[in-house]
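# Topology and contacts: notes
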Amino acid sequence: MTRFLSMKFKGMTMSLLFLMTIVFCISCGGNSVQQPVRESDASDARTVLSAGAVGSIATRCAEDIVIYDNTMYIADGPGGLIVVDIAKRSKPLVVKTIPTEYAIRLYIYKNHLYLCDGPAGLKVFMLSAPHNPVMTFSAESEWSTSATFNGGILYMGDYFGGIQVYDVSSPSVPIYIKTVKRSRVRDIIYENGNLLVCDAPFGLASYITYDPQTPSHSYTDGSRLGNFEDIIAHGNYAIIARNDGKSSISVFDIANLSDVSVVNEKFPARFIDGLNKCGNYLLASCGEDGVIAYSLPELPKLERLWRVDTPNYARRAKIEGDYLYVADMAEVVIYDLKKIGGRIP
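Residues numbered from 1 in each chain as written. Predicted model: local features only at pLDDT ≥ 70, side-chain atom pairs only at ≥ 80, totals over all residues. Heavy atoms only, no water.

## A closer look at the packing of aromatic side chains
Put simply, the rule is: Any pair of Phe, Tyr and Trp rings, taking the six-membered ring for Trp, is counted once the centres come within 6.5 Å. Such a pair is stacked with planes under 30 degrees apart, edge-to-face with planes over 60 apart, and tilted for the rest. Think of it this way: any DSSP run of H or I at least four residues long counts as a helix, any run of E at least two long counts as a strand, and we number them from the N terminus. Accessibility here uses a 1.4 Å probe with only protein chains present; expressed as a share of the type maximum, an area under 20% marks a residue as buried, one over 50% as exposed, and anything in between as partly exposed.
The full count for this structure, using the stated rule, is 10 aromatic pairs. With a centroid separation of 6.1 Å and an interplanar angle of 40°, the aromatic rings of Y102 and W143 are classed as tilted. One end of the pair, Y102, is in the loop between strand 7 (93-98) and strand 8 (105-109); the other, W143, is in the loop between strand 11 (134-139) and strand 12 (144-150), with 41 residues separating them in the sequence. Summarising the burial analysis for this pair, Y102 and W143 share the class buried. Note on Y109 and F149: the rings are 4.3 Å apart at their centroids and 5° apart in plane angle, and the pair reads as stacked. Here F149 lies in strand 12 and Y109 lies in strand 8, a separation of 40 residues in the sequence. When its relative accessible area of 10% is taken as the criterion, Y109 is described as buried.

Quick look at the structure:
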């Protein structure tokens, strides 16, 4: 009983620390490797799309969404994993809610749903019946934040515990391999043989994966410290959402890890919560400033295409088919991009 209470207290303490880290973003400052080209959104702004939602689902604190077989899965923070039938986008129907500790990120991998559940760690659900996910695996961590796949290997970011490496050749039951120590893992992505990490105190870090089971540290950009929120990769570029003093989307040239440089920065909003790559689009979820879409093919230039004003606080957005789905904290909102004039990737 004493051990149980101790573990619960530890979990509550870490939860509080993590939420405080998110809300009270403290900048460490620092000089860039190379003076970036700074493009003002005021100079290339496009039409703000009329925010006519076709459907919505009330949530407690929507963090992420994924779509699979006409079913939407919502990571609703303390509100659990919500399963929604979206066969009719205008009438989304909640069919099931699965309790979680703090559901924060979702991924589809080989007909399975992988959930980063904060202090409860990694959970895996089989989707043979999409409306009825069946949990096949659960593993504790200190605070699971994000995950990425490299073939049959999963790398899971643990904010307090580093990078956990799993063999997922059998996706229902991942096999733990090892933990690579890292300071504070906010987000993680695999691209072109490199494992890229947003490390809150130390900025952008990279690991070479010649042996996928044993990532080898190759680079840490300690010159640009700050509150690194989210990361995507596209070719030879890493794009990072930063909130340290003045919120920005920073484009890093990572073609040569011995000479990483910041080659462009955008300052589109008061706060940038999440980034997502959908085809040739970059979707930036910008809290009270809604969702902004950029074109990726001309990197390092980011061309702003359109913005959608959302009713609440945009945390993460995704495009599936003709529809834009926004985890807008108090609800998930669905937009028909054709109806509101948004170009589709």
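From this point, the discussion proceeds with the structure in view.
## Digging into the pattern of salt bridges
The cut-off we apply is this: A pairing counts as a salt bridge when a side-chain nitrogen of Lys or Arg comes within 4 Å of a carboxyl oxygen of Asp or Glu.
Taken as a whole and judged by the stated rule, the model has 16 salt bridges. Between D199 and R182 there is a salt bridge, and its shortest N-O distance comes to 2.6 Å. Of this pair, D199 sits in strand 17 (residues 194-199) while R182 sits in the loop between strand 15 (175-180) and strand 16 (185-191); the two residues are 17 residues apart in sequence, bridging distant segments of the chain. Taking the relative accessible area as the measure of exposure, D199 reaches 0% and is therefore buried. Classification of R182 by relative accessible area gives buried; the value is 15%. A salt bridge links E265 to R242; the shortest N-O distance between them is 3.6 Å. Here the residue E265 occupies a position in strand 23 (residues 261-266), and R242 occupies one in strand 21 (residues 237-244), the gap between them amounting to 23 residues. For the pair shown, E265 and R242 are each scored as buried.

## Description of the environment of T214
Inclusion rule: Residue contacts follow a heavy-atom distance rule, with two residues in contact if any of their heavy atoms lie within 4.5 Å.
With respect to the secondary-structure elements, T214 resides in the loop between strand 18 (203-208) and strand 19 (216-220). As for T214 and I177, which are separated by 37 residues in sequence, their C-alpha atoms are 8.9 Å apart. Residues in contact with T214, not counting those within four places in the same chain, are K178 and I208.

## Section: the environment of Y73
Basically, it comes down to this: We define a polar contact as two N or O atoms separated by no more than 3.5 Å, with the added condition that, inside protein, one atom must be a possible hydrogen donor and the other a possible acceptor, whereas residues neighbouring each other in sequence contribute only through side-chain atom pairs.
Tracing the backbone shows Y73 in strand 5 (residues 71-75). Separated by 12 residues in sequence, Y73 and D85 place their C-alpha atoms 9.0 Å apart. Not counting residues up to four positions away in its chain, the partners in contact with Y73 are D64, I65, V66, Y68, L81, I82, V83, L106, L113, L127, P130 and P133. Reaching out from Y73, the side chain makes a polar contact with the backbone oxygen of P130 at a distance of 2.6 Å.

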